[in-house]
Amino acid sequence: MSKRCILVSFPRFPYTFNTLLPDSLLAGIAGSLVDAGHQPLILDYGTLETVQRYFSSQLRRASLSLADQMVGATQGGALKALGAFLRLRGLGGLQRHRREMLRRELLGEAAREVAGDGGVDLVVVSVRDAGDVGNAVDLGERIRSLQPDVVLAAAGPFIERYGELIARRTKVFDCLCLGEPEWTIPRFADVLDRPELWTETPNLAVMRGGGVRLTRRKRIDLNSVAFPDYSAEVYPALDGDGKFKLLGVCCTRVCSQQCPACPHGERQPGLSRPRTPRSVCEALSEAMRQQNVCAFALEGPAFSEAYAVSLAREMLSRGLAVLYTREASIRETRVANLATYKASGCQALSYRVDTGSQWLLEDYYRRGFSVSQCEKVLKSSGASGIFSVGRFIYPSPADDSHTRAETLRLIERVRPGSALFELPEPSPGSEWLERCEDFGFRLDLPGYVRRAVDSRGAAELPLKPWRTLLHARRSVPLHRAQRELEHLCGEVRDAGVSTWVTPELGLVGRVSGYEDHEQDFATLMLRKFVTGDVAGIADAAARFNRQASLPAQRVAGGTYMPVLAAAGN
C-alpha cells in the first residue's frame, strides 16, 4: 500500500553556504521511495527566504558597518566577531532572543505544513550534525502534538554515528535509521502499518515498550537502490533560485583503506560495493534531466584509483558534459591520470592529509603515503587545473611544536587551493574510538549527545581534556585546542593559503567565473552571509544556476579515446 512520506530538512542558524545546497540524503531516500511505490515530498527550509527572515533590518545595518573588517578570517571567526560586535552595541541579547522566537515560529510553521490535512503516514527528519539534533527534536514534538498518530523517524550521518544514544535520550521518534537510509527507509515504509514487523527491518533503532530495540545491521550494494530524485515535484525548494543547484550523488560508502581515525574502512570486504561507473553516469543523466544543471558533488569516501579512472572514462565515452568534485586518496592517486579526471569534468579534488609530519603519517594516522608523495600529488593537481583541497587535523594528542611546524612547512611548499583544518573527533566505528586511550583521547559520548539534544544548538566535540603523547605530558582541554587551531589557521592564511574554501564552494566559484580566484569568491560569499545580504546571495545563486545549466567545456583535442590517454595525450 502506497504511503505518503514527508522528508524534512530544518538546518540551524547561523546559515552558511552549505545550508543552501540541496540535501542529497533526502533526495536519495525520495528516489528509493518513489521506486517502491510511495509518495515522498521533501520540505527543505534551508532557503533564501529563511535567511531573510532571520536577518532583521537592524541586524543588517549593524553587521554591514564592520563586515569588511570581519571577513578576513575564517567563517567561524567572522561569525564570532559579529557576535562580539553586537554585544558591544547592546544588540547581542536582543538578537539572540529574536532569533529564538523566530526559530520557534518557523518550527511551528514547518510542523503545521508537515501535518497538513492529516494525510501523512511517515515523517523523516534529516540530522547531518550535532547542531541539527535540537531542531529535529523540537520539530518532532510539534508534529506529534498536531498529529499524534504519525510515525516519526530521523536519518543522517549524525544519527548513524550516535543513533543509539539519541534513542535513549529522547523518545520523540518512533525509530532512528542507523545505516543505509536509501535502502532502509523504503522497507520501513512498506511495514509502517504493521508495527510488529518494525524490528524485522534492518538498520533501525526502534522505540518499543519504553526501551530501545536495535535491529540487525545490513550493508547493501549501492547499485540496488534507485537514483536520487531532484525533480521539482518531489523537491519543490529547487524550483527557482532559492538554493545553489549543486547536486549530490552518492558513489561509495566504504573505503579500502584502514586509517584509525576514519569509520569508513571496509573491515569485512564484500559487504558493500560502490555504484558502478555506468550506474553513476545514469544517475547524473537523470539529475541533469530533472534540473537541467551539470554541477555535481560525487559523494563518499576516497575513491580507489581504478574506480576513479573507470568512472572518468565512462563519463568521457558517453559525452557527459558535467562538472564535479569528489574525494581522492593521496596514496592511490597517480599523477598520470589527473589529465583524464580534468577532461571528464573534475573541478576539485579533496585529499585527506591530516599532518605534515612523516612519522605521524606512518605511526599515528597510518595513511600509507609519504610527505614527498603528498607534496607531489597536491602540486600536480593544481598544475592540472584542478582545485586541490588538503584536509588536516590539528592538534591531535600526538602533535607538538615540531609536528606543527612540519605541517605549516608542507602547506607553504605545496600551496594548495585550500587547507581545511578540524579538531580530532573519534567517531563510532573508528579505531580512535575503540582504542581511545591508546591514541591519547578521553571521551564523554553520553554527555555529548545530551548537550546536542538539550541545548538546541551546536554541541562541542565528545572530548574530555586529553593527554599529549609526546615529550612533556600535559592535559589539553577543548578550549585550548581550539585556540591552538585558530593560531595555526592564522599562520596558514598569512602564508597566502585559504583555510575554509571547501571543494563545493570552489566548484561554485569556478562555474560562476572565479576560476583561479576561488578565495575571492569565497570571501565575497562570506560577506554576504555575515551581513544577511539576501539579494546578493540570490544573485550569486541565480548566476551559478544559470552558468551550471550550460554544457561543460569539452576537452581540447576533441572526443576522448582510451588510446590517446594511453599515449599521454
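A few points on the structure. Keep in mind that what you see is a predicted model, and the values were worked out from it rather than measured.

Description of the packing of aromatic side chains
For step 1, the next point in the chain: With the rule as written, the count across this model stands at 18 aromatic pairs.
For step 2, the next point in the chain: A centroid spacing of 5.9 Å and a plane angle of 70° characterise the contact between Phe158 and Tyr448, whose relative ring orientation is edge-to-face. Of this pair, Phe158 sits in helix α8 (residues 157-169) while Tyr448 sits in helix α17 (residues 445-454), and the two are 290 residues apart along the sequence.
For step 3, the next point in the chain: Exposure remark for Phe158: the relative accessible area of 0% places this residue in the buried category.
For step 4, the next point in the chain: When the ring of Phe303 is compared with that of Tyr307, the centres are 5.3 Å apart and the planes differ by 75°; the resulting orientation is edge-to-face. In terms of burial, Phe303 and Tyr307 fall into one category: buried.

A closer look at the environment of Ser427
For step 1, the next point in the chain: Summarising the element assignment, Ser427 is placed in the loop between β13 (418-422) and α16 (431-434).
For step 2, the next point in the chain: Judged by relative accessible area, Ser427 falls into the buried class, the value being 9%.
For step 3, the next point in the chain: Non-local contacts of Ser427, meaning those with residues more than four positions away in its chain, are made with Arg161, Pro263 and Leu433.

Examining the pairing of strand β10 (residues 323-328)
For step 1, the next point in the chain: With five of six residues buried, β10 lies mostly within the body of the structure.
For step 2, the next point in the chain: Note: strand β9 (residues 295-299) against β10, three bridges, orientation parallel. Among the inter-strand pairings, Ala297 is bridged to a residue of β10, identified as Thr325.
For step 3, the next point in the chain: Handedness of the crossover joining β9 and β10 through helix α11 (residues 305-318): right-handed.

A closer look at the nonpolar core
For step 1, the next point in the chain: Within the largest apolar cluster, 173 residues are counted, with the highest numbers of intra-cluster contacts made by Leu122, Val123, Phe244, Leu298 and Phe421.
For step 2, the next point in the chain: Phe244 has contacts with Phe17, Leu20, Leu21, Pro22, Val508, Met525, Ile537, Ala540, Ala541, Phe544 and Asn545, leaving out every residue within four places of it along the chain.
For step 3, the next point in the chain: Core analysis: the second largest hydrophobic core is formed by five residues, Ile220, Leu222, Val225 and Cys250 among them.

Re the environment of Asn337
For step 1, the next point in the chain: Among the structural elements, Asn337 can be located in the loop between β10 and α12 (338-344).
For step 2, the next point in the chain: Sequence separation between Asn337 and Val309 is 28 residues; the distance between their C-alpha atoms is 7.2 Å.

With respect to the side chain of Gln290
For step 1, the next point in the chain: When you line up the elements, Gln290 lands in helix α10 (residues 277-291).
For step 2, the next point in the chain: Side-chain polar atoms of Gln290 contact the backbone nitrogen of Tyr230, separated by 2.8 Å.

Focus: the pattern of salt bridges
For step 1, the next point in the chain: Scanning the entire structure with this criterion turns up 29 salt bridges.
For step 2, the next point in the chain: Where Glu422 meets Arg352, a salt bridge forms, and the shortest distance between an N and an O atom there is 2.9 Å. Of this pair, Glu422 sits in strand β13 while Arg352 is found in strand β11 (residues 346-354), placing the two residues 70 residues apart along the sequence.
For step 3, the next point in the chain: Looking at Glu422, the relative accessible area reads 37%, which means it is partly exposed.
For step 4, the next point in the chain: Within the structure, one salt-bridge network assembled from shared partners comprises Glu100, Arg103, Arg104 and Asp138.

Some points on unusual backbone geometry
For step 1, the next point in the chain: Along the chain, Tyr394 connects to Pro395 via a cis peptide bond; the corresponding omega equals -10°.
For step 2, the next point in the chain: Tracing the backbone through its elements, the reader meets Pro395 in the loop between β12 (387-393) and α15 (401-414).
For step 3, the next point in the chain: Although it is not a glycine, Arg366 adopts a positive phi angle of roughly 50°.
For step 4, the next point in the chain: By secondary structure assignment, the location of Arg366 is in the loop between α13 (358-363) and α14 (371-383).
For step 5, the next point in the chain: A relative accessible area of 34% means that Arg366 is categorised as partly exposed.
For step 6, the next point in the chain: Residue Arg415 is not a glycine yet carries a positive backbone phi of 55°.
For step 7, the next point in the chain: Mapped onto the elements, Arg415 comes out in the loop between α15 and β13.
For step 8, the next point in the chain: The class of Arg415 is partly exposed, set by a relative accessible area of 45%.

Here is what the cut-offs are and how they apply
Residues numbered from 1 in each chain as written. Predicted model: local features only at pLDDT ≥ 70, side-chain atom pairs only at ≥ 80, totals over all residues. Heavy atoms only, no water. Phe/Tyr/Trp six-rings, centres within 6.5 Å; stacked < 30°, edge-to-face > 60°. Helix = DSSP H or I, 4+ residues; strand = E, 2+ residues; numbered from the N terminus. Buried < 20%, exposed > 50% of the residue type's maximum accessible area, 1.4 Å probe, protein only. Contact = heavy atoms within 4.5 Å. Pairing = 2+ DSSP bridges. Right-handed = clockwise from strand over helix to strand, strands pointing away. Core = buried A, V, L, I, M, F, W, Y, C linked by side-chain atoms within 4.5 Å. Polar contact = N/O pair within 3.5 Å; in protein donor to acceptor, adjacent residues only side chain to side chain. Salt bridge = Lys/Arg side-chain N within 4 Å of Asp/Glu carboxyl O.

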